[in-house]
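Here is what each chain is made of, one letter per residue.
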Amino acid sequence: MRIQNIRFQNLNSLTGIWEIDLTRPDFVSAGIFAITGPTGAGKSTIGVVLAKRLGYRFVDSDLLIQESENRLLHEILEQDGIDGFNAIENRVNASIEMDRAVIATGGSAVYGAEAMDHLKSIGTVLYLRIPYEVLKERLGDLHERGVSMKEGQTLKDLYEERRPLYEKYADVVIDCEGRTIREIVHEIADELRGENE
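Residues numbered from 1 in each chain as written. Predicted model: local features only at pLDDT ≥ 70, side-chain atom pairs only at ≥ 80, totals over all residues. Heavy atoms only, no water.

Mapped onto the elements of the fold, R163 is located in helix α6 (residues 155-169). A relative accessible area of 30% means that R163 is categorised as partly exposed. Taking C-alpha positions, R163 is 8.1 Å from G37, a pair spaced 126 residues apart along the chain. (Helix = DSSP H or I, 4+ residues; strand = E, 2+ residues; numbered from the N terminus. Buried < 20%, exposed > 50% of the residue type's maximum accessible area, 1.4 Å probe, protein only.)

So, about the nonpolar core. Formed by 24 residues in total, the largest nonpolar core has its most connected members in L50, L54, V102, L126, L128 and I174. Of all the secondary-structure elements, those providing two or more residues to this core are β3 (32-36), α1 (43-54), β6 (123-129), α5 (132-138), α6, β7 (172-175) and α7 (181-193). If you look at the next biggest cluster of nonpolar residues, it comprises 18 residues, including M98, A101, I122 and V125. (Core = buried A, V, L, I, M, F, W, Y, C linked by side-chain atoms within 4.5 Å.)

Let's shift gears to the sheet that holds β6. Strand order in the open sheet formed by 5 strands is β4-β5-β3-β6-β7, and the pairing between neighbours is parallel. Every other strand in the sheet has two partners, leaving β4 (57-60) and β7 as the edge strands with one partner each. The mean angle between the axes of side-by-side strands here comes to 20°, regardless of whether they run parallel or antiparallel. (Pairing = 2+ DSSP bridges. Axes fitted to C-alpha atoms, helices over the stretch in contact; angles between N-to-C directions.)

Laid out in structure tokens, this is it:
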């Protein structure tokens with residue numbers, strides 16, 4: 001069973017009050033939580049803390065890709081190109097089979113329709129939404145991070161290209177602007193466990 005049309009909304013940025021519409025009773029029993037969003041959104045950091053809070057296992061899909069290929073992400077991009085990298089990422093993510101896990105996906109995971117459909121079928125997809133300006137400040141060397149970008153493509157181009165895909169696959173959209181990691185994780189975990197009533 002799946003959850004549909006769930007959105008976190010920051011109702012008051014000063015007090016950090018959030019509201020969630022839980023339209024399905026099986027929200028908390030989702031097998032996995034797959035976190036999507038752009039590189040630099042905090043997927044891995046938030047994922048680790050959320051997994052600890054929920055008592056779930058944490059998995060970084062970028063590390064699964066590197067283990068599968070025995071290469072670093074930027075080496076895969078250099079040797080196989082963007083299309084080759086995206087095919088590998090799609091294959092690896094589509095093969096994930098686990099329960100009670102928080103999975104941080106790579107920023108380009110949303111290019112793999114098969115993988116995203118699979119992740120949605122085994123759990124809930126969380127999208128960490130941050131403004132472009134914040135993302136630009138956070139990112140360092142995109143090459144070393146293994147960011148899959150076409151030649152001549154700017155970070156802004158990439159952001160605008162992927163944003164509709166993150167929204168398309170998201171079961172939960174989390175607005176992260178102005179929030180600390182601790183605040184985001186606390187709010188997500190409390191809502192998932194039904195502690196905020």
